[in-house]
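Survey of secondary and tertiary structure
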Amino acid sequence: MPHPFPILNDQKQPHAWAIAPSASALKSLAEGIWSCAVQTNQRPLVVLSTAGPLMGVRAALEKYRPSNLPNQITFLPQVMSFNDWLEAAPGAWKFPKKQADLERWLSVYATLRKHKQLQAWFKAETEAGSWGLAQAIIAACDTLSNSIAPSLQQELHQLISNQEEVSTQNTQSWIETLEPLLDRTIGQAYPALARKVVDQEAQVLLTFWRYITSPSNPAFRKQFAMAAHLEAAKKTSQASTRPLIWVETADPTPIEKQLIQGYLADYAQYAPAVEVTMNWDSVALWAEALSPQMPEEKKLQAIQSNIDYANPEHWHLTAAKRFEELAWATAKTIEQQLIEGKTNIALVAQDRLVARRARALLARLGPSLKIQDETGWKLSTTRAAAALNSWLELLRAPPEGPSAADLLEFLQNPFLDLGKCLSSSIVRDAESLNGLVAELEDILIASQAKSGWETFHMAIEASVSHGSAAPNPLLLELLQNIRGRLNRWRGIKINCAVAHQYLMDDLIQMGMTQGLEKDSAGKQLIELLETFDFDAEHQQIAMRLNEWLSLLKTVIEESSYEEKGISAEATLSILPLSSTRFREFESVVMVGCDEQQLPAFSEPPLFFSDALNRLLGGSSIEAQFIQQARDLSQLLISFPSVNLLWQSKSKSGEPLRPSAWIQRLQIDLPEWQVQNATNLFAPRSGIAAPSQMATATLDSDLPMPVSMSPSAYKALRDCPYRYYVRSLLGLRKLKGFEEGFDASLAGQTLHKILRNFYHAMKSEAQKSSSPINTDPELRRTWMREQLTLISEQVFKRLIEGDARVLGVLRDWQKQIPSFIQWQLDRESQGWQFYDAEVKVGFDLPFTDVDGNERHIRIEGYADRFDVSVHDPKAASVIDYKNQSLTKVEWRSEVVLDDPQLLIYARASNESKKIPGRAVNAAEWVALKADVKKGGDEAERSVVISEMPELMQEFSEQITEDVESLWSGKPLKAFAPDSVCQYCEARGICRKGMC
């Protein structure tokens, strides 16, 4: 039976009224508030303990407004949340200045720095940047402030009524009140042995509380606001003081209940005061949701009566085995509700990850579904925060330079204006900047330049080392400007004012501020950054850059993103279980109803056990357990359709049962069965079509190649389909930065070292007075010293960018004595260095399918040419391989399939690259020879034998292959496993799958 609204009389004490939080709760509340208005002939003030039901209560008051009301109470009663009511206190401008959470964190930081004893206790000499500890300390101090607030209530009210200034004498008296209270509570919560440890923590907290607590703390400002409201009611005539209705929308902590009841008792001296609480007798589905004072026998009767009265046929249980299956089942359930015409649906996010995944799936329904997330969508998860974070990561980078991944992530953020990152003296159009970052990314990935400014510059320079064009000046300018902006932060003493000024200036100069202001989340992010413009007291707090950046990231992580409201045909509200009370929904879907997540508890603040927190009047795990049992009861009782979903298997594969509350209900409701999530999806059928190995037929519109590199021809020999994908279609696997130092970059570096070394040796040998031409030992010594020196010079810039490259240099230095010995042996055979890194090529004539004579250009870069001192017409071509000798020997067994050296030989001979000489010898040289410890000799070269016969066979082969390609014959996928293992087209060719 619902309790009627009490008859208001002249009693000087609050009236009590309890309503059942069922489907008719809003109606009962609205009718009771209107009854108060009619009885007092005044417009009541309604204060809700939480803000969630605010709009619902206002809508209910409008819906159930009585007819024929007197003019003075025709308007809706004023409905406010508790926090809004506190902020609206009369004369609030006289209160001590409100401290933001951020300023309180800084106060803790400054206190740690100022008081050496605290630094020693918390080992804060090296951990002053631990903002998580600062938050924990503030939460603990707030708990202490709340615990003594009732004891100080009269004193604080007196200060407001007398308009006295709060001084240090006041705060000292508060300490005298708090110390015995805390000591007494610790004695009750802990045995004697444990108390020895806890006492020291208590002293730390009391010390902190003494230094950072002020009248501007939330607990005391709350008291000042309540006192101001009470003072206003006291000064107003009793006839005009409005009745106050306090609606307890959530179970309060003991301290909160004591404060509110004390205030209502005081307010009742001047006007009617009504305390509205929840009556769970007709709603509770479990014994723990009922009052602890109720006898057990009555509890069982009440629970059975409530179950019989409920409509379990509208409760649906669904279990899914996997996370993704659960998310899809959730989305499918909501989609079905929409199909049935429901327009106001709630998704209770007991499992937030599943709720977020389901939201992403439902976003595909488009603008017809409005999704409101009330679970606290973090600002840090937006792309605006990610863009800012990409710059903060660059600020954390060492002076040598950031990683390539961090640099590219920043340059690719959508809020960056590349034009403003370049020199402001030159105006550039948007077209000149298109593809600039993509070009830089291709260069860095191709060269595996993972980190360091010098490494990035070398990669850009190396990208054009084989051509005549200069590096793109915009790339170098972009790197220089970003590096210069980062260098502003180096070597300066950071305080809050300087750091904030520099950061805002960076965002403006790089055009990010303009972009962020056009974005909903970006605008909120800019407003958040403006809160770092502290008052003079906090601006000069000095800290390390990493500490300030950590503070900034923590604040962003703590901030919630407020979505823009839109109009739509249907609304989905994502909210926590506690926010469903006093709300109206046509359907509720709840995810995370397994035994691990329902109920869910929040741990007590740091430094407080659950027992101590309970004795201090704070929230306890037991209270949270009772609250969630009540919330789940009202959820099942209040809404016409409820779907409970959970994951039946954990990540480790262990079975997960539904929540114990659900299991207990199933005992009383045997027909309440669990359905499998797969039943929500309509079955599909189809006929299997086995995949065949890929065979490409060239399209008539596809342009045929007019040139070919040695590597492209090798791809054609390895697998025609691979050549088709890579060279004709131009498809490439999306590469990233590999772990360690890339082998290809190491090879490029060694090629550059050897080129510089041989050119230096050739120049030295041309000097008639040089001793290296006459003395073999001096020649060996000079070669070793020069090759070592050049190696260190070339590797120096790489090592500055990435210190891990030092290991590659050390490995190469071990090879130098053996390599010099090999070079001397080669010279003794009559070979002399001629040139290195030479571009050579030839035009290959062939006949197309129509009988037309055509030419294709075959060209590439030869590593090195030597000439014979014994035969004036002989020359040799050499190719370096940064591989072991064994792998090089494997190449020699398939020369015609890897004819790189044969191509260079023919190209040199036809183009007369070496005047008067023909290349009739070729060999590979391994740069990773097996060097014996303490020895200088190691086999490292593999000679191609039978060069004339191979050259003839190769010429016939390449002509036939090119003619076959141009004829349009199918390009079928075939290759040995060694080729397929590293093929970029692997997986789409279906080789071996038919």
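1. With respect to the overall build of the protein chain
When helices and strands are counted, the protein chain shows 37 helices and 20 strands. Relative to all contacts within the protein chain whose residues are 6 or more apart in sequence, the contacts with residues 24 or more apart total 78%. Accessible area for the protein chain stands at about 48400 Å²; split by element, carbon and sulfur atoms hold 51% of it.

2. Focus: the sheet that holds strand β12 (residues 674-676)
Within the open sheet, the seven strands sit side by side as β8-β9-β7-β10-β11-β6-β12. Their pairing is parallel. Across the chains shown, the open sheet's two edge strands, defined by having one partner strand only, are β8 (369-373) and β12. Across this sheet, the average inter-strand angle for adjacent strands is 20°, counted without regard to direction. Bridge count for β8 against strand β9 (residues 570-575) is five bridges, and the pairing is parallel. Across the sheet, residue Q372 finds its bridge partner in β9, namely S573. Across the sheet, helix α12 (residues 323-339) is in contact with β6 (315-320), β7 (344-349), β8, β9, β10 (587-591), β11 (642-647) and β12; its angle to β11 comes to roughly 165°.

3. A look at unusual backbone geometry
Here the amide bond leading from L598 into P599 is cis, since omega sits at 5°, within 30 degrees of zero. Here P599 is to be found in the loop between β10 and α26 (610-615). Its identity as a non-glycine residue notwithstanding, F582 has a phi of 60°, on the positive side. Along the polypeptide, F582 turns up in the loop between β9 and β10.

4. Some points on the sheet that holds strand β3 (residues 78-81)
Ordered by their spatial adjacency, five strands build an open sheet running β1-β5-β4-β2-β3, and the pairing between neighbours is parallel. Each edge of the open sheet carries a strand with a single partner, namely β1 (15-19) and β3. Direction aside, neighbouring strands of the sheet carry axes that sit 20° apart on average. Pairing analysis gives four bridges linking strand β4 (residues 244-247) to strand β5 (residues 273-278), with the strands arranged parallel. Paired with V247 across the bridge in β5 is V276. Strands in contact with helix α1 (residues 25-40) are β1, β2 (45-48), β4 and β5; relative to β1, the strand with the most contacts, it is inclined by about 155°.

5. Thoughts on the pairing of β1
By the alternation rule, side chains of β1 split into H15, W17 and I19, which are all buried, and A16 and A18, of which none is buried. The sheet contact formed by β1 and β5 spans five bridges and is parallel. From the neighbouring strand, W17 faces β5, where its bridge partner is V276.

6. As for helix α28 (residues 660-668)
Along α28, the positions that sit buried rather than exposed are W661, I662 and L665. Considered in projection along α28, the buried side chains sweep an arc of 95° and stay on one side of the axis. Contacts from the buried residues of α28 go to α11 (296-309), β6, α27 (621-638) and β11.

7. Structural notes on α12
Compared with an ideal rise of 1.5 Å per residue, which puts 17 residues at 24 Å, α12 spans 24 Å between its outermost C-alpha atoms and is within 8% of the ideal. Among all positions in α12, only E325, L326, A327, A329, T330, A331, T333, I334 and Q337 are buried. One or two steps after α12, the chain reaches G341, where phi turns positive at roughly 100°.

8. Points about the packing of aromatic side chains
Applying the stated rule across the entire model yields 20 aromatic pairs. Ring geometry for F5 and W17: centres 5.1 Å apart, planes at 75°, overall edge-to-face. Taken together, the residues span a long stretch of sequence, with F5 in the segment before β1 and W17 in strand β1 at a distance of twelve residues. Between the aromatic rings of Y263 and Y267, the centroid separation amounts to 6.1 Å while the plane-to-plane angle is 35°, which identifies the pairing as tilted. Separated by four residues within a single helix, Y263 and Y267 lie in helix α10 (residues 254-267), roughly one turn from each other. Overall, Y267 belongs to the buried group, its relative accessible area being 8%. An aromatic cluster of three or more residues is present, and its members are F82, W85, W246, Y263 and Y267. A cation over an aromatic ring shows up here: K762 above the ring of Y834, its NZ or CZ 5.0 Å from the ring centre. When the ring centre of Y758 is taken as origin, the NZ or CZ atom of R864, which lies over that ring, is 4.2 Å away.

9. Some remarks on the packing of helix α15 (residues 404-411) against helix α20 (residues 473-487)
At their nearest, the axes of α15 and α20 sit 13 Å apart, and the two run at 100° to each other. Regarding the angle of α15 to α20, the classification is roughly perpendicular. Residue-level contacts link L407, F410 and L411 of α15 to L478, L479 and I482 of α20.

10. Things to note about the nonpolar core
The nonpolar side chains of soluble globular proteins are, as a tendency, buried together. Within the largest apolar cluster, 73 residues are counted, with the highest numbers of intra-cluster contacts made by W391, F410, L411, I482 and L503. Counting residues per element, this core draws most heavily on helix α14 (residues 383-396), at eight residues.

11. Things to note about the pattern of salt bridges
Pairs may arise between side chains of opposite charge once their charged atoms sit close together. Within the structure shown, the criterion is met by 34 salt bridges. Residues R359 and D373 are paired through a salt bridge, measuring 3.8 Å at the closest nitrogen-oxygen approach. Within this pair, whereas R359 is found in helix α13 (residues 352-362), its partner D373 is found in strand β8, the two being separated by 14 residues in sequence. Classification of R359 as buried rests on a relative accessible area of 15%.

12. Regarding the environment of L45
Looking at the secondary structure, you find L45 in strand β2. Residues L45 and W85, 40 residues apart in the sequence, show an inter-C-alpha distance of 9.8 Å. Residue contacts for L45: discarding those within four places in its chain leaves Q78, M80, W85, R242, P243, L244 and I245.

13. What about the environment of Y309?
Tracing the sequence through the fold places Y309 in helix α11. Sequence separation between Y309 and S282 is 27 residues; the distance between their C-alpha atoms is 9.1 Å.

14. Observations concerning a negative patch on the surface
A cluster of acidic residues, E517, E527, E530, D533 and E562, forms a negative patch at the surface. Following the sequence through the fold, E527 ends up in helix α23 (residues 520-530). Classification of E527 as partly exposed rests on a relative accessible area of 45%.

15. What about the packing of helix α19 (residues 453-462) against α20?
In contact at an axis separation of 11 Å, α19 and α20 are set at 175° when each is read in the N-to-C sense. Relative to α20, α19 is oriented roughly antiparallel. Facing W453, E454, F456, H457 and I460 of α19, the residues of α20 in contact are L475, L476, L479, Q480, I482, R483 and L486. Of the residues that constitute the contact of α19 with α20, the class distribution is eight nonpolar, two polar and two charged.

16. Description of the side chain of S559
Secondary-structure assignment places S559 in the loop between α25 (545-558) and β9. Taking the relative accessible area as the measure of exposure, S559 reaches 16% and is therefore buried. In contact with S559, not counting residues within four places along its chain, are W377, K378, L379 and L528.

17. So, the confidence of the model for the protein chain
Any region with low pLDDT has predicted coordinates that should not be read closely. Predicted confidence across the protein chain gives a mean pLDDT of 80, with 83% of residues reaching 70 or more. Mean pLDDT across the elements of the protein chain ranges from a minimum in helix α7 (residues 168-189), with 49, to a maximum in β10, with 94. Per-residue pLDDT stays below 50 along residues 188-197; that stretch engages in eleven contacts with residues further than four places along the chain or on separate chains.

18. Some remarks on the pairing of β2
A two-sided burial pattern is seen for β2, the buried positions comprising L45 and V47 on one face and V46 and L48 on the other. In terms of strand pairing, β2 meets β3 through four bridges, oriented parallel. Pairing of V46 across the sheet is with V79, part of β3. Following the chain from β2 across helix α2 (residues 54-63) to the adjacent parallel β3, one finds a crossover that is right-handed. Both β2 and β4 contribute to a ladder of four bridges, which runs parallel. Its bridge partner being in β4, V47 is matched across the sheet by W246.

Calculation notes
- Residues numbered from 1 in each chain as written.
- Predicted model: local features only at pLDDT ≥ 70, side-chain atom pairs only at ≥ 80, totals over all residues.
- Heavy atoms only, no water.
- Helix = DSSP H or I, 4+ residues; strand = E, 2+ residues; numbered from the N terminus.
- Contact = heavy atoms within 4.5 Å.
- Areas by Shrake-Rupley, 256 points an atom, 1.4 Å probe, with all protein chains shown as cover.
- Pairing = 2+ DSSP bridges.
- Axes fitted to C-alpha atoms, helices over the stretch in contact; angles between N-to-C directions.
- Buried < 20%, exposed > 50% of the residue type's maximum accessible area, 1.4 Å probe, protein only.
- Arc of directions from axis to C-beta.
- Expected span 1.5 Å × (residues − 1).
- Phe/Tyr/Trp six-rings, centres within 6.5 Å; stacked < 30°, edge-to-face > 60°.
- Lys NZ or Arg CZ within 6 Å of the ring centre and 35° of its normal.
- Parallel < 35°, antiparallel > 145°, perpendicular 65-115°, else oblique.
- Core = buried A, V, L, I, M, F, W, Y, C linked by side-chain atoms within 4.5 Å.
- Salt bridge = Lys/Arg side-chain N within 4 Å of Asp/Glu carboxyl O.
- Patch = residues over 30% accessible without salt bridge, like charges linked within 9 Å, V, L, I, M, F, W, Y side chains within 5 Å.
- Lys, Arg positive; Asp, Glu negative; His and termini not counted.
- Charge placed at Lys NZ, Arg CZ, Asp CG, Glu CD.
- Nonpolar A, V, L, I, M, F, W, Y, C, P; charged D, E, K, R; others polar.
- pLDDT = per-residue confidence, 0-100.
- Right-handed = clockwise from strand over helix to strand, strands pointing away.

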